[in-house]
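An overview of the molecular structure
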Amino acid sequence: MPKVPVYNIEGQQIGEIELSDSIFNVPVNTHVLHQAVVAHLANRRQGTFAAKTRAEVRGGGRKPWRQKGTGRARQGSIRAPTWRKGGVVFAKKPRDFSIDLPKKVRRLALKCALSSKVKENNLIVLDRWDMNQYRTKEVIRVLKNLGLENEKALIVIPEKNEYLQKSTKNIPEVKTLQVGNLNVFDILKYDKFIILQDAVKKVEEVYA
């Protein structure tokens, strides 16, 4: 079982924690990670765009001029794609981009992402982080104590903490997620992975 140090919000090491081999010490499968990221980005697409074809654009029912004898190119409609205000040739239509990955693949991808953070020494465990007011300065202070003031960091908490979640929204390179919203894309996107000790237990319970 991999062991990682546990820190407090002052940046002091106060102990160690053993992480589960089945979650934090899995061989990293880059192909599975790629599949998970592609699926995540595809599932975020709304697919609500729409453009009109020449059949749907208003007007253009009459032939603008006769076929021959005018000296101009033949035209069948003023709503052809070559005309101003004409239809779009291959018009985009609403569609569903979602990709459904098997549950086992999704779980494996998450375990691979978490294991990669441990192997790269980018996983930081905090004993607790209690906030009872909205204070972005307090979040910046804790990150500075941990030596992460200039790092892209993902903070994982066991349950909803509105004060902490909203306090990090003003920091462009920092994001806070609950364990239930954990995903491969965000784990890989942020350089440092900060997780509360209670959240570690919850991850091991859910994904064991």
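This is a predicted model, so every value here is computed, not measured.

Observations concerning unusual backbone geometry
Of note in the backbone geometry, Lys 85 takes a positive phi value of approximately 70° without being a glycine. Secondary-structure assignment places Lys 85 in the loop between α2 (30–44) and α3 (103–119). Lys 85 gets classed as exposed once you look at its relative accessible area, which sits at 56%.

Quick look at the sheet that holds strand β2 (residues 13–18)
Ordered by their spatial adjacency, six strands build an open sheet running β2-β1-β3-β6-β4-β5, and the pairing between neighbours is mixed. Each having just a single partner strand, β2 and β5 (174–178) make up the two edges of the open sheet. In this sheet, adjacent strand axes meet at a mean angle of 30° when their direction is disregarded. Examined bridge by bridge, strand β3 (residues 123–126) and strand β6 (residues 192–196) share four bridges and lie parallel to one another. Bridge assignment links Ile 124 to a residue of β6, and that residue is Ile 194. Those strands touched by helix α7 (residues 197–207) are β1 (3–7), β2, β3, β4 (153–157) and β6, and its axis lies near 90° from that of β6.

Here we look at the packing of aromatic side chains
All chains considered together, the criterion is met by three aromatic pairs. Ring geometry for Trp 65 and Trp 83: centres 6.0 Å apart, planes at 40°, overall tilted. In this pair, Trp 65 is assigned in the loop between α2 and α3 and Trp 83 in the loop between α2 and α3, connecting sequence segments 18 residues apart. The interplanar angle of 50° and the centroid separation of 4.9 Å between the aromatic rings of Tyr 134 and Tyr 163 together place this pair among those described as tilted. Placement of Tyr 134 in the loop between β3 and α4 (136–145) and of Tyr 163 in helix α5 (residues 162–167) is noted, with a sequence separation of 29 residues between them. When its relative accessible area of 46% is taken as the criterion, Tyr 134 is described as partly exposed. Looking at Tyr 163, the relative accessible area reads 34%, which means it is partly exposed. Note that Lys 92 overlies the ring of Phe 49, its terminal NZ or CZ placed 5.2 Å from the centroid.

Details of α3
For α3, spanning 17 residues, the distance from its first C-alpha to its last is 24 Å, which sits close to the expected 24 Å at 1.5 Å a residue. One or two residues past the end of α3 sits Asn 121, with phi positive at roughly 60°.

Structural notes on the pattern of salt bridges
Pairing is possible between side chains that carry opposite charge, provided their charged atoms lie close to one another. Under the definition given, this model contains eight salt bridges. Notably, a salt bridge pairs Arg 141 with Glu 10, separated by 3.2 Å at the nearest N-O pair. Highlighted residues: Arg 141 in helix α4 and Glu 10 in the loop between β1 and β2, separated in sequence by 131 residues. Across the salt bridge formed by Glu 56 and Lys 93, the nearest N and O atoms sit 2.7 Å from each other. Here the residue Glu 56 occupies a position in the loop between α2 and α3, and Lys 93 occupies one in the loop between α2 and α3, the gap between them amounting to 37 residues. Judged by relative accessible area, Glu 56 falls into the partly exposed class, the value being 41%. The network of salt bridges with shared partners includes Glu 10, Glu 138 and Arg 141.

The rules behind each value
- Residues numbered from 1 in each chain as written.
- Predicted model: local features only at pLDDT ≥ 70, side-chain atom pairs only at ≥ 80, totals over all residues.
- Heavy atoms only, no water.
- Helix = DSSP H or I, 4+ residues; strand = E, 2+ residues; numbered from the N terminus.
- Buried < 20%, exposed > 50% of the residue type's maximum accessible area, 1.4 Å probe, protein only.
- Pairing = 2+ DSSP bridges.
- Axes fitted to C-alpha atoms, helices over the stretch in contact; angles between N-to-C directions.
- Contact = heavy atoms within 4.5 Å.
- Phe/Tyr/Trp six-rings, centres within 6.5 Å; stacked < 30°, edge-to-face > 60°.
- Lys NZ or Arg CZ within 6 Å of the ring centre and 35° of its normal.
- Expected span 1.5 Å × (residues − 1).
- Salt bridge = Lys/Arg side-chain N within 4 Å of Asp/Glu carboxyl O.

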